Protein chains: 2
Amino acid sequence: MLQYTDPAPAGAAGRRAFRIGDSTTGVLWGTDDAAGRPLVLLGHGGGQSTQAPGMRARAEALVHSGYAVAALDAPGHGGRPRTAELERRIERMRDAQGSPDFGAAVADLNAAVAQDAVPEWTLLLDDLEAEGVAGAAHAGYWGYSLGAAIGFPLVAAEGRIRAAVLGLIGETVAESAAAIRVPVQFVMQWDDPLVSRVSALRLFDLVGSRDKTLHANPGAHGEVPDHEEASSVAFFARHLPGAAA
Amino acid sequence: MLQYTDPAPAGAAGRRAFRIGDSTTGVLWGTDDAAGRPLVLLGHGGGQSTQAPGMRARAEALVHSGYAVAALDAPGHGGRPRTAELERRIERMRDAQGSPDFGAAVADLNAAVAQDAVPEWTLLLDDLEAEGVAGAAHAGYWGYSLGAAIGFPLVAAEGRIRAAVLGLIGETVAESAAAIRVPVQFVMQWDDPLVSRVSALRLFDLVGSRDKTLHANPGAHGEVPDHEEASSVAFFARHLPGAAA
């Protein structure tokens, strides 16, 4: 069961931290009427957490547009413990920085984190449903980079996710991509040193959904332009039941 | 000078047809306050005209969002006379239908039409400025296919166009694309039999603007999904002075 670790919701967006089980931590926004709002799940990027300013801004914008928002800290992120194996992969990634192998090392690390993370999101949806959050039965998911390494297998496996904004990732998640059938907005950076242009384009091609759309913008991995934020909110407005179109 | 051929504006969108010179015909929408509205220019697709239902719907949506809209019939379109050379190119395009050369024949026809069309749009902006339409000094342009065959060289040459939605075209307009510096939203169809995927992606790559964004969707040439309409209106809202963001 989901246990609140904040005594009460805070701020205009009704932010409240929670824990599931011993070590999984997360945050719920829009708690003033979480039961009645459509729900978007937010997966953060590598090295970030539910506390990252970008996550908070994205959650607040979604709450402003009428959504409830739930996010989990990925294993080894946001103060969660790291296994010795995870430490080794992080070390390998750091050693590869500046080399042509860096992108592959990041993808390898993200895939390992994602493997442990995916079942935690399924538990979160179970717990939100048990809390009476109706949107958990037909939620959206939004995640780039590590958030997409988790998102692709999660959306492929989890029938309660009905629309997803995913991006900044290449063919490492090809198998999951091919299994997805719900609407996907896929965001790539045209000059991403971590994900080759060809690999991202091939991944979009492989996404199994009939309703899919590709957005590409100039710039590096972390330089997704601001207008993609509003575009993603508009995407969820088109696809989630109960969302204001 | 622009001469109105309709006695008065018609409908909620204030639609009024006009003529420039002897043979150039066009339509202005948002005439109730054209002087004060930001302006979007609409270029139609091949074989269509300012009378096409899709053009009317797009113009009405823009007027509803606060814009004035101006459109021209391309040479040989919408009842405008066809030269013998244009007839020959249309014949060649029809002969190529169903063959692998069809895309090239369409591109060849569109390039010929565009060459005559571009100076007409410059005259239109001159005349709209003379009419007191302030938006003509910093307008948007929106056109797919033939509308982009006209739009690429027009936007490259015409300093009064400050943002453009262009698409459904490949490297035939590469030179113009490289000369463009204003924000561009480029729309391609992932399975377009008339424009190869590689050619469209290369064209996006060549666009000289720092602020450019690519939208790709599954489907054939004429199957751009409806959500690109709202996305284009949002694009102009971000980039045109006086537009409601």
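Taking an unreviewed UniProt entry as the reference, chain A is identified by name as Alpha/beta hydrolase belonging to Sinomonas atrocyanea.

Caption draft 1: A look at the pattern of salt bridges. Counting across every chain of the model gives 26 salt bridges over all chains. Notably, a salt bridge pairs Arg197(B) with Asp205(A), separated by 3.2 Å at the nearest N-O pair. With one member in each of two chains, Arg197(B) in helix H6 (residues 197–206) and Asp205(A) in helix H6 (residues 197–206) form a pair that bridges those chains. Judged by relative accessible area, Arg197(B) falls into the partly exposed class, the value being 28%. Each of Asp126(A), Glu129(A), Glu158(A) and Arg160(A) takes part in one network of salt bridges that share partners.

Caption draft 2: Examining the relation of the copies chain A and chain B more closely. The two copies are related by a screw operation: chain A maps onto chain B through 180° of rotation and 0.0 Å of translation along the axis, at an RMSD of 0.0 Å. Both copies are brought into coincidence by an operation consistent with a two-fold rotation axis. When C-alpha positions in chain A are compared against the rotation axis, the closest is assigned to His215(A), at 2.4 Å. Most of the interface of chain A is mirrored in chain B: 100% of its interface residues are interface residues there too.

Caption draft 3: View of helix H4 (residues 146–157) of chain B. All names here are of chain B. End to end, H4 covers 17 Å across twelve residues, agreeing with the expected 16 Å (1.5 Å per residue, within 8%). Judged by how many residues are buried, H4 sits mostly within the fold: nine of twelve residues are covered. Within the sequence span of H4, burial applies to Leu146, Gly147, Ala148, Ala149, Ile150, Gly151, Phe152, Leu154 and Val155.

Caption draft 4: Representation of the side chain of Ser231(B) within the structure. Residue and element names in this part refer to chain B. Tracing the backbone through its elements, the reader meets Ser231 in helix H7 (residues 227–239). The buried category is assigned to Ser231, whose relative accessible area is 19%. At 3.1 Å, the side chain of Ser231 and the side chain of Gln185 are in polar contact. Setting aside anything within four residues of it in sequence, one finds Ser231 in contact with Gln185 and His215.

Caption draft 5: Fine view of the interface of chain A and chain B. With 16 residues of chain A at the contact, the number on the chain B side is 16 residues. When chain A packs against chain B, close to 1,400 Å² is buried across both sides, 56% of that on carbon and sulfur atoms. Three residues stand out in chain A for area buried against chain B, namely Trp190(A), Pro218(A) and His227(A), and they jointly supply 32% of the buried area on that side. Run the count over chain A and chain B and you get eleven residue pairs in polar contact (both at pLDDT 80 or more). Across the side of chain A that touches chain B, the residue classes break down as six nonpolar, four polar and six charged. Summarising the sheet, strand S9 (residues 212–217) of chain A and strand S9 (residues 212–217) of chain B pair through three bridges and their orientation is antiparallel. Bridge pairing links His215(A) to His215(B) in S9(B).

Criteria and thresholds
Residues numbered from 1 in each chain as written. Chains lettered and ligands numbered in written order. Predicted model: local features only at pLDDT ≥ 70, side-chain atom pairs only at ≥ 80, totals over all residues. Heavy atoms only, no water. Salt bridge = Lys/Arg side-chain N within 4 Å of Asp/Glu carboxyl O. Helix = DSSP H or I, 4+ residues; strand = E, 2+ residues; numbered from the N terminus. Buried < 20%, exposed > 50% of the residue type's maximum accessible area, 1.4 Å probe, protein only. Least-squares fit on C-alpha atoms with pLDDT ≥ 70 in both. Contact = heavy atoms within 4.5 Å. Expected span 1.5 Å × (residues − 1). Polar contact = N/O pair within 3.5 Å; in protein donor to acceptor, adjacent residues only side chain to side chain. Buried area = accessible area lost by both parts, 1.4 Å probe. Nonpolar A, V, L, I, M, F, W, Y, C, P; charged D, E, K, R; others polar. Pairing = 2+ DSSP bridges.

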